[in-house]
Amino acid sequence: MNFDYPSLARYARELRQRLVGAQVCFASSSADELSLQFGTDPPSHLRLRLGAAEIMLAPGKTARLPNSDGAERYLTGSAVVELQTLPRDRALELRLQRRDTEGEPNYGSLHLELVPPRYRAVLVGERHGKILGGWSLPSDPRRFSPGRLYHAMPGPTRVLPGHDTFEEFLERLNAMGSTVEAALRKALAALDRRAAREICRRADVSAEAAVHDIDRAEAEDLWEAAKGLYALAEGDNCGPWIVRRGQHRLVSVIPPCTDESADLAPNLVEAVLTCCADQAAGQERSRSRDRKGSELRRAIKSLRRLRDAVRGDLEESGRADELERQGNVLLARQPALAPGQREVVVDDIFSQGAVAIAVDPRLTAAENAAKLLKTATRYRRRAEVLPERLRNVEEQLRCTEQLLERLDEGIEESEMSQWREEIGAGGRETGSGGAQGGGRKRERAHPRRYRTSSGWVVWAGRNNRENDMLTHRVAAQNDIWFHAYGYTGSHVVLRRDGRRQEPSARTLEEAAAVAAYWSKGRTASKVPVVYTLVKYVSNPRGGTPGLAVLKRERTIMVRPELLPEEGSEEGGGH
């Protein structure tokens, strides 16, 4: 998190009010974090994330991190007697007091250097100015060696509005020789890009203008605007805001620009806490998206290999007639095979001419013939089952590729779970035994179950195989069948359960909304859903699982929405 100077100064004031006088109950650290637990009422902890560039005061207790026996022991038991910012850079300093074995007070300072992309912390003894311990990432080029003198962050050469003079500012500004925005960031203390642009906006000076093109009057306007901006550190009547910039969040007392969206927060401590939580959630979403993307790409690679293998097997199965003919010719002629002979030329009994046949030199002519006939039979069985298997694999590949294309839009975990179930079922089909092999245990359906507001039960299939089972094996002929029109998705059945009366319009809409929700059209505001009686739904001969042909269907437009699950208190289940 990138703090501008006014926001960090205000943040320090709020932390001072909450932490001065509080004692550190324990201190601990990990490879990328330092945590201090304070005995405030209620308890709170200060967390410094080194790699993520975060610092926040959070309510409640925190778990001890792995390391707590090094420099952390100097912090444990100490009390905060002062908290302030460094005057010309983005750093916090906590002055700490602890008692020695004779009860005499000792003082030290914990310096928190808050300059992105890395944050650092260093504990310094006040009496001798030497480093007692430091915390930074292993990759950080600036390491802290205990026992050496500590040198604070460089920054005294930068000008601080409200403390320094305009002439000092003008001298520093003219020495930059770049655009106004870049020169302000180098000339003024602890200024970031957003604050520099705000100064330019207030002074009505172009941020992209060259420094040597502005006159003294414009420089004075910039100075006055800078003093007004830095004065926000002392007041309480402005902000703070949580500013949203794409996927990023920042906290600032500087009012948002017209092209920024922002939420007003009660105070900076709460704002920083909220912002860090939002960033953590965003990072988790990003990690989740990366995991899903990797999983989908691996599946696409595997499915493409499987598709190519099935295509190759299907092409090879076209040789069944040729191999059968060769086997019969070899069986009829049964020529003598010489040792090591790998091909034999014999008269073809089916035509006038000779035919060359590849043979196994280790087998007799009769054994070679039997082998050829057996292979031909196996190829014919392949030719019967492989076309459907190829269609299944191609459909799974198409769905997976579509899912990957929608990754940036956001894919819910329930959709990924449904995809995994479908891919898992398809993967089992392509194993040994295929569509014919021992599948008895997979014949059970476990559809999602919901209940409408009027008490009717709604079932929804979880994958293509279960859709087929639900529609053609489980549902009664007079149950009502639903499916989102134009989208792949679940088969949904409204169960009559012995009722003779027709469902109300609201019941039909609620069941249709479930079909819309469990489809690829879930994100649309309205989805067309077709419905008809189950007896008017059929699966075309040789069609892939989940494919349906309808008669006497009607269409209803609904908003995708789920019902309470059957058996839940809200759903009135039993």
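Up top is the structure these notes are about.
Computed from a predicted model, the values in this text were never measured in an experiment. (Residues numbered from 1 in each chain as written. Predicted model: local features only at pLDDT ≥ 70, side-chain atom pairs only at ≥ 80, totals over all residues. Heavy atoms only, no water.)

A closer look at the nonpolar core
The biggest cluster of nonpolar side chains holds 82 residues, and the ones touching the most others in it are Tyr11, Ile55, Leu110, Leu112, Leu184, Leu188 and Leu222. Contact partners of Leu110, with chain neighbours within four places excluded, come to Leu36, Leu75, Leu92, Glu93, Leu94, Leu96, Ala121, Val122, Leu123 and Trp135. Core analysis: the next-biggest nonpolar cluster, separate from the first, contains 23 residues, Trp456, Ala484, Ala512 and Trp518 among them. (Core = buried A, V, L, I, M, F, W, Y, C linked by side-chain atoms within 4.5 Å. Buried < 20%, exposed > 50% of the residue type's maximum accessible area, 1.4 Å probe, protein only. Contact = heavy atoms within 4.5 Å.)

A short note on the packing of aromatic side chains
Taken as a whole, this structure holds 6 aromatic pairs when the rule is applied. Considering the side-chain rings of Phe166 and Phe169, the 6.3 Å spacing of their centres and the 45 degrees angle between planes classify their relative orientation as tilted. Of the two residues, Phe166 and Phe169 both sit in helix H3 (residues 166–176), 3 residues apart, roughly one turn of that helix. In this structure, Phe166 and Phe169 share a single accessibility class: buried. (Phe/Tyr/Trp six-rings, centres within 6.5 Å; stacked < 30°, edge-to-face > 60°. Helix = DSSP H or I, 4+ residues; strand = E, 2+ residues; numbered from the N terminus.)

Digging into the pattern of salt bridges
Counted according to the given criterion, the structure contains 34 salt bridges. As a salt-bridge pair, Glu33 and Arg49 come within 4.0 Å of each other at their nearest N and O atoms. Here Glu33, found in strand E2 (residues 33–38), pairs with Arg49, found in strand E3 (residues 44–49); they are 16 residues apart in sequence, far enough to count as distant. Residue Arg420 pairs with Glu295 through a salt bridge whose shortest N-O separation is 2.8 Å. With a gap of 125 residues between them, Arg420 in helix H10 (residues 413–429) and Glu295 in helix H7 (residues 268–317) connect regions that are remote in the sequence. Among the charged side chains, a salt-bridge network with shared partners connects Glu181, Arg185, Arg193, Arg197 and Glu208. (Salt bridge = Lys/Arg side-chain N within 4 Å of Asp/Glu carboxyl O.)

Here's the deal with the sheet that holds strand E16 (residues 457–460)
Spatially, the 6 strands line up as an open sheet ordered E15-E16-E18-E17-E19-E22, and their pairing is antiparallel. If you trace the sheet from one side to the other, it starts and ends with strand E15 (448–451) and strand E22 (554–558), each paired once. Sheet twist, expressed as the mean angle between neighbouring strand axes with direction ignored, is 25 degrees. Bridge count between strand E17 (residues 480–484) and strand E18 (residues 492–495): 3 bridges; the pairing is antiparallel. (Pairing = 2+ DSSP bridges. Axes fitted to C-alpha atoms, helices over the stretch in contact; angles between N-to-C directions.)

Section: the sheet that holds strand E6 (residues 91–99)
Whether parallel or antiparallel, the strands of a sheet pair through hydrogen bonds between backbone atoms. Taking strand neighbours across the sheet as the criterion, the 5 strands line up as E5-E6-E7-E8-E9 in an open arrangement whose pairing is antiparallel. Each edge of the open sheet is held by one strand with a lone partner, namely strand E5 (79–85) and strand E9 (131–135). Geometrically, the sheet is characterised by an average inter-axis angle of 15 degrees between neighbouring strands, direction not taken into account. Bridge count between E6 and strand E7 (residues 105–115): 9 bridges; the pairing is antiparallel. What sits directly across from Ala91, in E7, is Glu113. Helix H1 (residues 5–19) rests against E5, E6 and E7 of the sheet, and its axis sits at about 165 degrees to E5.

Focus: unusual backbone geometry
Pro42 follows Asp41 through a cis peptide bond whose omega is 0 degrees. Mapped onto the elements, Pro42 comes out in the loop between E2 and E3. Residue Ala190 is not a glycine yet carries a positive backbone phi of 50 degrees. Here Ala190 falls in the buried class, since its relative accessible area comes to 1%. With a phi angle near 45 degrees, Gln334 is a residue other than glycine that sits in the positive phi range. Structurally, the position occupied by Gln334 is in the loop between helix H8 (320–333) and strand E13 (343–347). Relative accessible area serves as the criterion here: at 44%, Gln334 is assigned to the partly exposed category.

Considerations on helix H9 (residues 365–405)
Spanning 41 residues, H9 covers 56 Å between terminal C-alpha atoms, matching the ideal 60 Å at 1.5 Å per step. Maximum bend of H9: about 40 degrees, positioned at Val385, with proline Pro387 one to four residues after it. (Expected span 1.5 Å × (residues − 1). Bend = angle between axes of the 7 residues up to and from the residue.)

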